[in-house]
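# Fold and geometry: a report
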Amino acid sequence: MINEQKDLRRPPHRRDRAVASGRIKSRSAQGKTIERPAGRTGRGLGYRLVYQGVVLAAVSIIVRLIGMMYRIPLISIIGYEGNGYYTSAFSVYTLLLLFSSYSMPIALSKIVSEDLTAHRYRNISRVMKAALLYATVMGATFFLILWFGAEPMAMLLRKPFSKFVLRALAPSLWLMAYLSVMRGYFQGSGDMIPTAVSQILEQIVNAIVSLLVAKLFYHKGMIANRLYETTDYGFAFGAKGAAVGTGAGILVAFLFFVMLYRMGAWRRNRQLRRDETEPDDYRSIFARLLKTLLPFLFTVVIYNSASVIDDFLYGNVMNVLGTAEKLVAEWGVYGEYHMLFNIPVAMASAMSLAVVPGLTRAVNRYDRQEMENGIHYALRATMLVAIPAGVGLLALARPIVMLLFPGEQMELLIRLIRIGSAATICYSFAVVTTGILLGLGFLVKPLVHSVIALLLHTIVLTALLFTGSGIYGVVLANILFAVLMSAMNMFSIHKHTQFRQDIARTYVVPAVAAGVMGIVVFALSEGMQRCLPTAVTKIWPAEAICTIPMIFFGAWIYVVFLNLLKDFTAEDAEQLPFFNKFIWRRYRR
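These numbers were taken from a predicted model, which means no experiment stands behind them.

To continue, consider the nonpolar core. Judged by nonpolar contacts, the single largest core of 173 residues is most densely connected at L146, Y337, L379 and I436. Ranked by residue count, the leading element in this core is helix α2 (residues 45-102), at 21 residues. When residues no more than four places from it in sequence are discounted, the contact partners of Y337 are L413, L416, I417, G420, A423 and V475. Judged by nonpolar contacts, the second largest core, of 6 residues, contains L95, L98, L297 and V308.

Listed below in structure tokens is the structure:
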């Protein structure tokens, strides 16, 4: 693993000198040094990263769409008040999940990838046992914290009835710890498909169980309302039922991984019999696991704790200002905005997962060419998706909201999406650059960057809230956080690798093409809604007629202008799987 002082600038790599001599030395499975011809042919790390990232991103978008679609009938069951309880409780659950297991997949994938590169299969077996023991301890600890701390946490958030949702989420923390270990093992092995399939299984079961149990518990809450002469138990119990679905989905996904792990036992046994390396003792393994895990852990915790801080500051400042009457409902609308915002960020999250083991192998092999290839195409593929997604949310905010979330809070949600559309691009860049730094071995730098960004975010948010910006201040402060993270991450990548990204092709041309797309689809959408005859809108909602075709038409316009502006090269056609389907033949070799 690279320490924080290692310099990745030219020419410190032994591989560079080996390439110049025409031969590269590496180790065989038996530990013997062998030589092979230098030079990379065919598709490199960039292709593999983009392939894995796009697969995971596609699945993540499907998962988020399922989550968004089932939240529509869920909100109709539990109301905006229930959604406010659910959103607040889920923010606390997510924060505790970060401590207990969220960083385990990416940290374990880095360790497994390092050992696979060195053919240390016996050591991988011990690492898995250590990771499962860690998951048991951490899962049980945070289960108890959430179960017994639900009531004081709910009081701290100024939403006392969210304690029911918090307790319902507590078992999910324990289950998720084991699921994270299994995902980390398969990701480190270079196989992202099991993670993708498990995410779909998890979300489908979550959606079905959440709706069924939420409806059942809502009716029980209505009985409690009559008994205690209040109106909150129905909403709170309904949200509690939705939380039960989260645990059911995690359990099914974990059982799926157990089945896969057992099916691969014959291959692991064969590798163990051939492995002549000496595994590390368990003390060394735990030290290595913690040394890798803790920087990931603190980085992810600080990176994601902004949502809990936002909730805490928003609730308390609104109470101080005397405008807390719409507090829960507005936070529920913010939850809907965040749900839409997370869909395009899925590409960056998936790319961040894929880039860590890939860059780790490239750095451990002293392969600078592969390293630069991976960084370039991780950034390029992410921006090719994030930039038009942000512009598309800005242009189609109204028809999207009218289609998915019609209601009394519709205008507020439209304004939040328009203001926060820039956050889609900024957060995508921050997430993928964080993954690049972690893959290069700089585990502490993202932690330092996130601390600085979070402090400034908190100061600015407090100031905005006291000036009367309300829920809009939360969105603006989150954009600032992402911008600061992006700037500091990219500065560190350049400083330590001297890597230079093609700014025009990666950022400028996609922004121009997306801008043209946004103007066209906005104008056409507005025109279609006004010109549709009444007879048609009675059969099918005008919003659906305008939104769905405009999304596909906008994507077509974006691709056409990328090609017209000559954003693609022959190398892109070779190194960008899935994207190369949209590159015109004249730019291919």
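With 22 residues, helix α16 (residues 445-466) should cover 32 Å at 1.5 Å per step; its first-to-last C-alpha distance of 32 Å lies within 8% of that length. Listed in full, the buried residues belonging to α16 are P446, L447, H449, S450, A453, L454, H457, L461 and L465. Relative to the axis of α16, the buried residues are bounded by an arc of 140° and lie together on one face. Set apart from the buried face of α16 by more than 90 degrees, the exposed residues are L455 and I459. Taken from the residues just after α16, G468 is the one with a positive phi, measuring 90°.

Two elements in contact, helix α4 (residues 121-148) and helix α6 (residues 163-188), have axes separated by 8 Å at closest approach and are oriented at 170°. Viewed along their axes, α4 and α6 adopt a mutual orientation that is roughly antiparallel. Counted together, I124, M128, A131, L132, A135, T136, G139, A140, F142, F143, L146 and W147 of α4 and L166, R167, L169, A170, P171, L173, W174, A177, Y178, V181, M182 and Y185 of α6 form the full contact between these two elements.

The end-to-end C-alpha separation of helix α18 (residues 503-531) is 41 Å, in line with the 42 Å expected for 29 residues at 1.5 Å each. Where α18 is concerned, the buried positions are T506, Y507, V509, P510, A513, A514, M517, G518, V521 and S525.

With respect to the helices, strands and loops of the structure, T506 is situated in helix α18. Judged by relative accessible area, T506 falls into the buried class, the value being 0%. Within the local environment of T506, its side chain forms a polar contact with the side chain of Q501, the two groups lying 2.9 Å apart. A polar atom in the side chain of T506 sits 2.8 Å from the backbone oxygen of D502. Sequence-distant contacts of T506, defined by excluding residues within four places in its chain, comprise L379, R380, M383, I387 and Q501.

As a further point, take the layout of surface pockets. The space that makes up the largest pocket amounts to roughly 1500 Å³. Surrounding the largest pocket, 38 residues form its lining, I61, V385, A389, I551 and A555 being those nearest its centre. Within the residue set of the lining of the largest pocket, elements represented by two or more residues are α2, α12 (327-364), α13 (368-395), α14 (397-404), α18 and α20 (542-564).

Analysis parameters
- Residues numbered from 1 in each chain as written.
- Predicted model: local features only at pLDDT ≥ 70, side-chain atom pairs only at ≥ 80, totals over all residues.
- Heavy atoms only, no water.
- Core = buried A, V, L, I, M, F, W, Y, C linked by side-chain atoms within 4.5 Å.
- Buried < 20%, exposed > 50% of the residue type's maximum accessible area, 1.4 Å probe, protein only.
- Helix = DSSP H or I, 4+ residues; strand = E, 2+ residues; numbered from the N terminus.
- Contact = heavy atoms within 4.5 Å.
- Expected span 1.5 Å × (residues − 1).
- Arc of directions from axis to C-beta.
- Axes fitted to C-alpha atoms, helices over the stretch in contact; angles between N-to-C directions.
- Parallel < 35°, antiparallel > 145°, perpendicular 65-115°, else oblique.
- Polar contact = N/O pair within 3.5 Å; in protein donor to acceptor, adjacent residues only side chain to side chain.
- 1 Å grid on protein atoms, 1.4 Å probe; cavity = no way out; pocket = protein on both sides within 12 Å on 5 of 7 lines; lining within 4 Å.
- Points joined across faces, edges and corners; volume = space filled by probe spheres on them.

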